[in-house]
There are 2 protein chains.
Amino acid sequence: MPITDRRTLLRSAAALPLVTATANMALAQGSETASGAAAKPAPAKDVTRTLAHYLVTANYDDLPANVRKEGVRTLLNWVGVAIGGSHHQTVDIAVSALSPFSGPAQASLFGRRERFDIMNAAFINGVSSHIFDYDDTHLKTIIHPAGPVASAILALSEMQPVSGKEFLNALVLGVETECRIGNAVYPNHYDVGWHITGTAGVFGSAAAVGKLLKLNEQQMVWALGLAASQPVGLRESFGSMNKSFNPGRAASSGIFAAMLASKNFTSSDGMIEAKRGWANTISTKQDYNEITGDLGKRYEAALNTYKPFACGIVMHPAIDAAIQLRNENKLTADQVERVELKVHPLVLELTGKKTPREGLEGKFSIYHAVAVAIVEGAGGEKQFSDRAVADPTIVALRGKVIPTITPGIDPAQVDMTIVLKDSRALNRRIEHAIGSVEMPMTDKQLETKFADLADGIIPAPSIRRVMDACWNVETLPNAAEIAKMSVSS
Amino acid sequence: MPITDRRTLLRSAAALPLVTATANMALAQGSETASGAAAKPAPAKDVTRTLAHYLVTANYDDLPANVRKEGVRTLLNWVGVAIGGSHHQTVDIAVSALSPFSGPAQASLFGRRERFDIMNAAFINGVSSHIFDYDDTHLKTIIHPAGPVASAILALSEMQPVSGKEFLNALVLGVETECRIGNAVYPNHYDVGWHITGTAGVFGSAAAVGKLLKLNEQQMVWALGLAASQPVGLRESFGSMNKSFNPGRAASSGIFAAMLASKNFTSSDGMIEAKRGWANTISTKQDYNEITGDLGKRYEAALNTYKPFACGIVMHPAIDAAIQLRNENKLTADQVERVELKVHPLVLELTGKKTPREGLEGKFSIYHAVAVAIVEGAGGEKQFSDRAVADPTIVALRGKVIPTITPGIDPAQVDMTIVLKDSRALNRRIEHAIGSVEMPMTDKQLETKFADLADGIIPAPSIRRVMDACWNVETLPNAAEIAKMSVSS
């Protein structure tokens, strides 16, 4: 979709909330609020059933072109991060722990050779895809939408044939479900401590899998009810393997819910909205209009975004500025006298580590992030590796990065001045970093990210083939092809 | 344990809460409160680690005799209800839905012939054991403790040898863990809508399985953290199959957590007590002293109770009175002119159905419950069957049951007068019904309940053998024997 169209859509539909003291959320402050802000909460009536009715009746042909396109981009980005994370220690452990219990070898593990039953495969692929914190983001809720949904339905598509069109429709509906349910309870639900990707994500997985299982309306109500019974994830786990556990478990628990419902395992009818249902139990805010309003007209799935840099969004403006100045001026580290940064306080609060010793710590160091961006012109996973944080050139340069908290700079912004040894001063102010809703990554940039992640994990010729299969998913007779060609040799 | 000892224990340790308008909880009003009421909340420091340390160091030899005895009774009661529920439609559906995904045939399904991997087996057995709402109850929290724990470790014991003593120790520790964590957040957590059996139960399963996997302290911290990430169940699902889903899923998710932790899949260190951890996220009340106070001295596991009647506790006093008067007077239905009942308002609010048409509806009919108790002298699952509610003699008699809301009658009490056609009036006032903490079921009564549940499901000779194996669990070389002999022929 052209960027102009996308921006028009955003202005009309994306009510970005003004909330809470975390980097991702604060970044949303820069964006305009829109129609959603004025909407009155809908009464808590038939929310689950209305959503279920929509899910079982919505067809691929109903999807607007821009929604289809964003669904394809969501898929491609997810496959890249799932392959990229697949040999992290976290995944090795999960594979080792679960292999004694796996059922038939129904589904692939992206980037690996093992095959597991679809629930365990969905769990492991969901873990892989979130390990680097490099996956997609629905900025209004900070949900990472693809993890719970794509993990589930790619596994399912290896068990029962699913056409590419059916697949894309289910992916969009799953993302739509989790993001709408997330909207209904965000920010209160997130603020109190829930990892919303896991709590809303299980609905996304159940909805998408239920769609592909062709559940009837009542069965879909039950699937959503069983999903409501299995919220996953607390923010306290951030910084441990447990964070990646959450989208994985949301994926597998959603399949579990949908499979039981498909055999008429019952739940109650109003599990989302009833007095002692999900939204009242799990949040002090409930806006049901976010779930049932304009179904089939307003698409949260069209608002998905993708990270160009493998770190928290709070550092993205600075990395973006550094790469722009580097590339435009063909800068090398030895030219740099110092780098002055005007930043929002959150930048130092969240990413103030001056001397990171491990790659993971580098993700919490604005000093490292700027230095490596100038030296290597990128902010991918390789730039936050143990190798990168120990590189002498980068270590020397990070000591020259001087961030200053500056009134008037919001978290989406940065003002960077690189002072060179020849006394020149190069300035760049960023209003919206690449990867934000206002400045989406291009298809080409998504491909570069994908290739960088998959490099050395799946065979080189497969990288192009998998990307082409994702771009052309709507023409595939069976979406399982994508999973089957995404394994290591 | 002699009843007198048990009562002494209860007086010193069981602080029964005065809370909320549900039958089970209101019934607790009749009991005295004790030391717990005066305790100040402990600071939120090292709660998860303190609990983990206790779990990994606690030995069978540390268990007081009364705790061991109650653990054995918990086991026997659980096996009975798991066998009894095993052919309910809910279980048939779960077996059908999950069989395509099961791993190796590692563990038995109680009362059935199929074998599943331990996680799926634990889920299904957990469902079976809760179907009739006839399982054990920790009255202070309304947790049904055995479902999540026994389901998990009986399955595990079929995969790796577990001595009977190790097994009983793990069962007690699992029950202790879930009930203590439940105490810390009850009643607020339950009142807002959580099905506490599923939310606290996953900790019980993870702790017990982790104990048998011989996790070290750090691994146990992670297992509890991964358990905290998977709360199961909302009260809104009550009345559907989803209610039984909850203890089953707690069992399997607890195994999932412990197995990952055993391979060093990490979580954060303070997942129960941290600012954005479980207790703060899931409850507005947190009393950490309930979790870490007097570990190894105060045993919640000693306070478990067992239902003599297969229905909500609110009707138990009336059923108890009816059976006593029937047996003492050798009553038959044709002698009865009318049955006058003085009851608490909750009895009619919760069980006021006058003309139940199905067995399940009979569980919500004080009219049926009293009538069937007089006719059949029992209140087991057979007395709440479709057959029973359609029996002409019982239907006729239920029309003669006259409950009257009476000030001064609390929910644990009933005052029943059976007026006979010969004008005699038989009166019985119940202060604490059989099965309450004050009037525990005897071992003999537990055996009668077990035999009634298992009748026709497992071979007749197995019934005695399984009960003996449960009573003698501490002498078994391998606790798996119990599961292996509890299957249908």
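In what follows, the structure referred to is the one given above.
A. The arrangement of the overall build of chain A in detail. A tally of helices and strands in chain A yields 23 helices and 8 strands. On C-alpha atoms alone, chain A measures out to a radius of gyration of 22 Å, which is about the 23 Å that the 2.2 N^0.38 rule sets for 489 residues. Its C-alpha atoms put chain A at 75 × 55 × 40 Å along the principal axes. Put simply, chain A has 489 residues, and 66% of those count as buried. For chain A, long-range pairs separated by at least 24 residues make up 76% of all intrachain contacts whose partners lie at least 6 apart in sequence. When the accessible surface of chain A is split by element, carbon and sulfur atoms take 53% of a total near 15,600 Å². Placing the 48 positive and 49 negative side-chain charges of chain A at their respective mean positions leaves the two points 0 Å apart.

B. Examining the packing of helix α4 (residues 65-84) of chain B against helix α22 (residues 460-471) of chain B more closely. All names here are of chain B. Running from N to C, α4 and α22 point in directions that differ by 155 degrees, and their axes come no closer than 8 Å. In terms of their interaxial angle, α4 and α22 are classed as roughly antiparallel. Relative to α22, α4 is oriented so that their crossing is right-handed. Across from K69, V72, R73, L75, L76 and V79 in α4, the residues of α22 making contact are V466, M467, C470 and W471. Considering only residue class, the contact of α4 with α22 consists of 8 nonpolar, no polar and 2 charged.

C. Quick peek at the sheet that holds strand β5 (residues 336-343) of chain A. Residue and element names in this part refer to chain A. On the basis of which strands lie adjacent, the open sheet formed by 4 strands has the order β6-β5-β7-β8 and mixed pairing. Only two strands of the sheet have a single neighbouring strand rather than two, namely β6 (401-405) and β8 (425-430). The average undirected angle you get between the axes of adjacent strands in this sheet is 15 degrees. One ladder, built from 5 bridges, connects β5 with β6; its direction is parallel. Following the sheet pairing, K342 is matched in β6 by T404. The strands touched by helix α15 (residues 316-329) are β5, β7 (414-420) and β8; relative to β8, the strand with the most contacts, the crossing angle is about 140 degrees. Contacting β5, β6 and β7, helix α18 (residues 366-376) runs over the sheet at an angle of about 130 degrees to β6.

D. Quick look at helix α10 (residues 196-212) of chain B. All names here are of chain B. The terminal C-alpha atoms of α10 lie 24 Å apart, and with 17 residues this matches the ideal 24 Å at 1.5 Å per residue to within 8%. Its axis deflected by about 30 degrees at V202, α10 carries its strongest bend there. Judged by how many residues are buried, α10 sits mostly within the fold: 17 of 17 residues are covered. Positive phi shows up at K214, right after α10, with a value of about 60 degrees.

E. Local environment of the relation of the copies chain A and chain B. Least-squares fitting of chain A to chain B yields an RMSD of 0.1 Å, with the transformation described by 0.0 Å of translation along the axis and a rotation of 180 degrees. Given the turn and translation reported, the copies of this chain are related as if by a two-fold rotation axis. Closest to the rotation axis within chain A is the C-alpha of A:G103, separated from it by 1.7 Å. Residue by residue, 100% of the interface of chain A is reproduced at the interface of chain B, so both copies engage with the same surface.

F. Structural detail: unusual backbone geometry. Residue and element names in this part refer to chain A. Cis geometry is adopted by the peptide bond preceding P187, which originates at Y186 and carries an omega value of 10 degrees. Topologically, P187 is positioned in the loop between α8 (164-185) and α9 (188-192). The phi angle at D294 is positive, at roughly 55 degrees, despite the residue not being glycine. In this fold, D294 is placed in the loop between α14 (289-292) and β4 (304-306). Positive phi, close to 75 degrees, is recorded for S423, a residue that is not glycine. You can see S423 is positioned in the loop between β7 and β8.

G. Spotlight on the sheet that holds strand β5 (residues 336-343) of chain B. All names here are of chain B. Spatially, the 4 strands line up as an open sheet ordered β6-β5-β7-β8, and their pairing is mixed. This sheet does not close on itself; its edge strands, each paired only once, are β6 (401-405) and β8 (425-430). Taken over all neighbouring pairs, the strand axes of this sheet differ in orientation by 15 degrees on average, direction set aside. Alignment of β5 against strand β7 (residues 414-420), held across 6 bridges, turns out to be antiparallel. Looking at β7, one finds that L341 is bridged to M416.

H. Representation of the interface of chain A and chain B. With 61 residues of chain A in contact, the opposing surface of chain B contributes 61 residues. Buried surface at the junction of chain A and chain B, both sides included, amounts to about 4,800 Å², of which 66% is carbon and sulfur. Where chain A packs against chain B, one counts 0 salt bridges. Taken together, the connections running from chain A to chain B amount to 22 residue pairs in polar contact (both at pLDDT 80 or more). For the side of chain A that touches chain B, the secondary structure elements donating two or more residues are α5 (89-98), α6 (118-130), α9, α11 (217-228), α12 (241-262) and α13 (278-282) of chain A. It is α12(A) that contributes the most residues to the side of chain A that touches chain B, 9 residues altogether. Looking at the side of chain A that touches chain B residue by residue, the classes come out as 29 nonpolar, 24 polar and 8 charged.

I. Representation of the packing of helix α11 (residues 217-228) of chain B against helix α12 (residues 241-262) of chain B within the structure. Residues and elements named next belong to chain B. Running from N to C, α11 and α12 cross one another at 145 degrees; their axes reach a closest spacing of 8 Å. The crossing of α11 and α12 is right-handed. Touching Q219, W222, A223, L226 and A227 of α11 are A257, A258, L260, A261 and S262, all from α12. For the contact of α11 with α12, the per-class residue count stands at 8 nonpolar, 2 polar and no charged.

What counts and what doesn't
Residues numbered from 1 in each chain as written. Chains lettered and ligands numbered in written order. Predicted model: local features only at pLDDT ≥ 70, side-chain atom pairs only at ≥ 80, totals over all residues. Heavy atoms only, no water. Helix = DSSP H or I, 4+ residues; strand = E, 2+ residues; numbered from the N terminus. Rg over C-alpha atoms; globule rule 2.2 N^0.38 Å. Buried < 20%, exposed > 50% of the residue type's maximum accessible area, 1.4 Å probe, protein only. Contact = heavy atoms within 4.5 Å. Areas by Shrake-Rupley, 256 points an atom, 1.4 Å probe, with all protein chains shown as cover. Lys, Arg positive; Asp, Glu negative; His and termini not counted. Charge placed at Lys NZ, Arg CZ, Asp CG, Glu CD. Axes fitted to C-alpha atoms, helices over the stretch in contact; angles between N-to-C directions. Parallel < 35°, antiparallel > 145°, perpendicular 65-115°, else oblique. Left-handed = near helix turned anticlockwise from the far one by under 90°. Nonpolar A, V, L, I, M, F, W, Y, C, P; charged D, E, K, R; others polar. Pairing = 2+ DSSP bridges. Expected span 1.5 Å × (residues − 1). Bend = angle between axes of the 7 residues up to and from the residue. Least-squares fit on C-alpha atoms with pLDDT ≥ 70 in both. Buried area = accessible area lost by both parts, 1.4 Å probe. Salt bridge = Lys/Arg side-chain N within 4 Å of Asp/Glu carboxyl O. Polar contact = N/O pair within 3.5 Å; in protein donor to acceptor, adjacent residues only side chain to side chain.

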